[in-house]
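Residues per chain are reported as follows:
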Amino acid sequence: MSAADHPVDPASLHPCPEALRADLKHFFYLLLTMDTPLEQLDRPASARKRLAPSTLKTLFEDLKPFFGWFEERGLSTLAQLDEDDLREYAAQVANAPVGQNPKSRRLFGLSRLWLLSPYMRPSARLRQPFWEREGMDQVIGKSEWTAENKSIPVHPATMSALLVWCLRLVQEAPRLIHLLSLSPSIPVPRRAVRRPCPGAPNSAKTGPRPIGQ
């Protein structure tokens, strides 16, 4: 199957500038059929060499801001982009009102275009993005990810009450399960009535004592 025969919905490429649609279709075809040469990067990257169709949709969304920027500049080919152009787009990504992870994906989307450019026609061969030489941290800052748990700890007084109720549920569970397992025809034994202590008046028989006696 050739790139031209690869089934890509034309409607899904609508946000892409018309000048780039054929090259983008070829780019997605390459991502599905061959490994991205990540060894060409000057840095370690925890990225997949070959993308699944569902991941291509995410990548396309990450490239949409680039498409808009590309069209506004009146460009027609990826090979036209020079160093200053890429720095201008990188500044737009850095100032975007999104988190660091989306910013990183937007830049790495262009990095994938560059990595696969030797397999594309000359007009679609993107130059090496400067952030692959200088580091993405120089554009979007250091990674926000940390292994530290940032959740606010629960107050000890709250945890104490929760622990007490959890223990009660665990201790009462066997009795409750036994009662629920009984047949409806078997009467559930009522709780034993506490008998009064010897010598204590039986209020149920004598009733309240009249005032003055």
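In the block above lies the structure referred to throughout.
Keep in mind that this is a model prediction, so the values were computed, not measured.

Draft legend 1. Main features of the nonpolar core. Among the nonpolar cores identified, the biggest contains 42 residues, and Phe-27, Phe-66 and Trp-131 are the most heavily contacted of them. Where this core is concerned, the elements lending two or more residues are helix H1 (21-33), helix H2 (53-72), helix H3 (83-94), helix H4 (100-116) and helix H6 (137-140).

Draft legend 2. Broad picture of a nonpolar patch on the surface. On the surface, a nonpolar cluster with roughly 270 Å² of combined accessible area is contributed by Val-154, Met-159 and Leu-162. Mapped onto the elements of the fold, Met-159 is located in helix H7 (residues 156-181). With a relative accessible area of 42%, Met-159 lands in the partly exposed category.

Draft legend 3. The arrangement of H1 in detail. Helix length check: H1, at 13 residues, gives a terminal C-alpha distance of 18 Å against a target of 18 Å (1.5 Å per residue), a fit within 8%. Looking at H1, one finds that the buried residues are Asp-23, Leu-24, Phe-27, Phe-28, Tyr-29, Leu-30 and Leu-31.

Draft legend 4. Highlighting the packing of aromatic side chains. The final tally for this structure, using the stated rule, is nine aromatic pairs. Ring centres 5.8 Å apart and planes at 35 degrees place the aromatic pair Phe-27 and Phe-28 in the tilted group. When sorted by exposure, Phe-27 lands in the same class as Phe-28, which is buried. Ring centres 5.8 Å apart and planes at 50 degrees place the aromatic pair Phe-66 and Phe-70 in the tilted group. Here Phe-66 pairs with Phe-70, and both are found in helix H2, just four residues apart, close to one helical turn. Since its relative accessible area comes to 1%, Phe-66 is described here as buried. Through a chain of ring-to-ring contacts, three or more aromatic side chains come together here, namely Phe-27, Phe-28, Phe-60, Phe-66, Phe-67, Trp-69, Phe-70 and Tyr-89. The ring of Phe-130 has Arg-87 lying over it, and the distance from NZ or CZ to the ring centre is 4.1 Å.

Draft legend 5. Structural view of the environment of Phe-130. Within the secondary structure, Phe-130 sits in the loop between H4 and helix H5 (131-134). Separated by 43 residues in sequence, Phe-130 and Arg-87 place their C-alpha atoms 7.6 Å apart. Setting aside anything within four residues of it in sequence, one finds Phe-130 in contact with Glu-83, Leu-86, Arg-87, Ala-90, Gly-135 and Val-139.

Draft legend 6. The arrangement of the packing of H2 against H4 in detail. The interhelical angle for the contact between H2 and H4, taken along N-to-C directions, is 95 degrees, at an axis separation of 8 Å. It follows from the interaxial angle that H2 and H4 lie roughly perpendicular. Along the contact surface, H2 presents Thr-58, Leu-59, Asp-62, Leu-63, Pro-65 and Phe-66, while H4 presents Arg-105, Arg-106, Gly-109, Leu-110 and Arg-112. Split into classes, the residues belonging to the contact of H2 with H4 amount to five nonpolar, two polar and four charged.

Draft legend 7. Representation of H2. Spanning 20 residues, H2 covers 29 Å between terminal C-alpha atoms, matching the ideal 28 Å at 1.5 Å per step. Along its length, H2 reaches its greatest deviation from straightness, about 35 degrees, at Leu-63, and the proline Pro-65 lies no more than four positions downstream. All of the buried residues along H2 are Leu-56, Leu-59, Phe-60, Asp-62, Leu-63, Phe-66, Phe-67, Trp-69 and Phe-70. On its buried face, H2 is in contact with H1, H3 and H4.

Draft legend 8. Fine view of the pattern of salt bridges. Summed over the entire model, instances satisfying the criterion amount to twelve salt bridges. Close ionic contact of Glu-61 with Lys-64 constitutes a salt bridge, the shortest N to O distance being 3.1 Å. Pair noted here: Glu-61 and Lys-64 are both in helix H2, with a separation of three residues, about one helical turn. Overall, the relative accessible area of 31% leaves Lys-64 in the partly exposed class. Arg-73 is the partner of Asp-85 in a salt bridge, and the nearest nitrogen-oxygen pair spans 2.6 Å. Taken together, the residues Asp-85 in helix H3 and Arg-73 in the loop between H2 and H3 connect sequence positions twelve residues apart. Given the relative accessible area of 8%, Asp-85 is considered buried.

Reading guide: rules and limits
Residues numbered from 1 in each chain as written. Predicted model: local features only at pLDDT ≥ 70, side-chain atom pairs only at ≥ 80, totals over all residues. Heavy atoms only, no water. Core = buried A, V, L, I, M, F, W, Y, C linked by side-chain atoms within 4.5 Å. Buried < 20%, exposed > 50% of the residue type's maximum accessible area, 1.4 Å probe, protein only. Helix = DSSP H or I, 4+ residues; strand = E, 2+ residues; numbered from the N terminus. Patch = residues over 30% accessible without salt bridge, like charges linked within 9 Å, V, L, I, M, F, W, Y side chains within 5 Å. Areas by Shrake-Rupley, 256 points an atom, 1.4 Å probe, with all protein chains shown as cover. Salt bridge = Lys/Arg side-chain N within 4 Å of Asp/Glu carboxyl O. Expected span 1.5 Å × (residues − 1). Phe/Tyr/Trp six-rings, centres within 6.5 Å; stacked < 30°, edge-to-face > 60°. Lys NZ or Arg CZ within 6 Å of the ring centre and 35° of its normal. Contact = heavy atoms within 4.5 Å. Axes fitted to C-alpha atoms, helices over the stretch in contact; angles between N-to-C directions. Parallel < 35°, antiparallel > 145°, perpendicular 65-115°, else oblique. Nonpolar A, V, L, I, M, F, W, Y, C, P; charged D, E, K, R; others polar. Bend = angle between axes of the 7 residues up to and from the residue.

Take it as geometry only, folks, not as evidence of what the structure does.
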